[in-house]
Amino acid sequence: MSDMDSLFLRIIAREVPADIVRENDRVIAIRDINPQAPTHVLVVPKKRYRNAAELAAADPELLAELFTVAREIAAQEGIEESGYRLLFNTGADAGQTIFHVHLHLLGGEPLGGLTGGPLKG
């Protein structure tokens, strides 16, 4: 596992500081350090899976929990009614740079289409 791969595990272990929005036994949610929207939170399972497909195959309940936590954060951030985007990047061609699955929660402004280039992370 490279340093980039272990970044979320290091955040979970409190070895790397992060702006934690929410945390429970299975999930941590942190603000993205390079936000692509006014609200940009990463919802991360504490157990490492490389991507969304691997997580879905291994633990569909945990996958569902990521979406539940994201919806709760959207409500907390005041963007539930105006709208928000949930996004997984799976694989390098999709812009995934940290190979520990994480769900991007984006909102707080009109987001437009998805053709403006890759969202890194």
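Residues numbered from 1 in each chain as written. Predicted model: local features only at pLDDT ≥ 70, side-chain atom pairs only at ≥ 80, totals over all residues. Heavy atoms only, no water.

As named in an unreviewed UniProt entry, the protein chain is Histidine triad (HIT) family protein, taken from Saccharopolyspora hordei.

J.: Can you help me understand the overall build of the protein chain in this one?
T.: The helix and strand inventory of the protein chain stands at 3 helices and 5 strands. The burial tally for the protein chain puts 40% of its 121 residues in the buried class. Summarising the internal contacts of the protein chain: among those between residues at least 6 apart in sequence, 55% fall at separations of at least 24. Here the protein chain has roughly 6500 Å² of accessible surface; of this, 51% comes from carbon and sulfur atoms. (Helix = DSSP H or I, 4+ residues; strand = E, 2+ residues; numbered from the N terminus. Buried < 20%, exposed > 50% of the residue type's maximum accessible area, 1.4 Å probe, protein only. Contact = heavy atoms within 4.5 Å. Areas by Shrake-Rupley, 256 points an atom, 1.4 Å probe, with all protein chains shown as cover.)

J.: Teacher, can you tell me more about the nonpolar core here?
T.: Nonpolar side chains in soluble globular proteins tend to end up buried together. Residues Val-41, Val-43, Leu-55 and Ile-73 are the most contacted members of the largest nonpolar core, which totals 19 residues. Among the elements of the structure, β2 (27–31), β3 (39–45), α2 (52–58), α3 (60–76) and β5 (103–107) are those that each provide at least two residues to this core. Counting 8 residues, the second-largest nonpolar core is a separate cluster that includes Val-16, Ile-28, Ile-30 and Leu-42. (Core = buried A, V, L, I, M, F, W, Y, C linked by side-chain atoms within 4.5 Å.)

J.: Could you clarify how one ought to interpret the pattern of salt bridges in this entry?
T.: Oppositely charged side chains can pair when the atoms bearing their charge come close. The full count for this structure, using the stated rule, is 9 salt bridges. Residue Arg-10 is joined to Glu-15 by a salt bridge in which the shortest nitrogen-to-oxygen separation is 3.9 Å. In this structure, Arg-31 and Glu-77 form a salt bridge, with 2.6 Å as the shortest nitrogen-oxygen distance. With Arg-31 in strand β2 and Glu-77 in the loop between α3 and β4 (84–87), this residue pair connects regions lying 46 residues apart in the sequence. The class for Glu-77 is partly exposed, based on a relative accessible area of 24%. Taken together, the salt bridges that share partners define one network made up of Arg-14, Glu-23 and Lys-46. (Salt bridge = Lys/Arg side-chain N within 4 Å of Asp/Glu carboxyl O.)

J.: Just to check I follow, could you spell out the packing of aromatic side chains for this structure?
T.: The final tally for this structure, using the stated rule, is 1 aromatic pair. Taking 5.9 Å as the distance between ring centres and 75° as the angle between the ring planes, the aromatic pair formed by Phe-67 and Phe-88 counts as edge-to-face. With a gap of 21 residues between them, Phe-67 in helix α3 and Phe-88 in the loop between β4 and β5 connect regions that are remote in the sequence. On the accessibility criterion, Phe-67 (35% relative accessible area) is partly exposed. (Phe/Tyr/Trp six-rings, centres within 6.5 Å; stacked < 30°, edge-to-face > 60°.)

J.: Before we go on, may I ask you to explain the pairing of β2 in this structure?
T.: Regular strands place side chains that alternate from one sheet face to the opposite one. A large share of β2 lies buried, amounting to 4 of its 5 residues. As defined by bridge partners, strand β1 (residues 20–23) adjoins β2 across 3 bridges and the pair is classed as antiparallel. Counterpart to Glu-23 in the pairing with β2 is Ile-28. Where β1 folds back onto β2 in an antiparallel hairpin, the turn is made up of 3 residues. Direction of pairing for β2 relative to β3: antiparallel, over a ladder of 5 bridges. Counted as the bridge partner of Ile-28 is Val-44 from β3. (Pairing = 2+ DSSP bridges.)

J.: Where do I start with the sheet that holds β5 in this structure?
T.: Within a sheet, each strand pairs with its neighbour through backbone hydrogen bonds, oriented either parallel or antiparallel. Reading across the sheet, the 5 strands line up as β1-β2-β3-β5-β4 and stay open at both edges, with antiparallel pairing between neighbours. Whereas interior strands pair on both sides, the edge strands pair on one side only; in this sheet they are β1 and β4. Taking the axes of each pair of neighbouring strands and ignoring which way they run, one obtains an average angle of 20° across the sheet. Contacts between α3 and the sheet are confined to β1, β2, β3, β4 and β5, with β3 contributing the most and set at about 155° to the helix. (Axes fitted to C-alpha atoms, helices over the stretch in contact; angles between N-to-C directions.)

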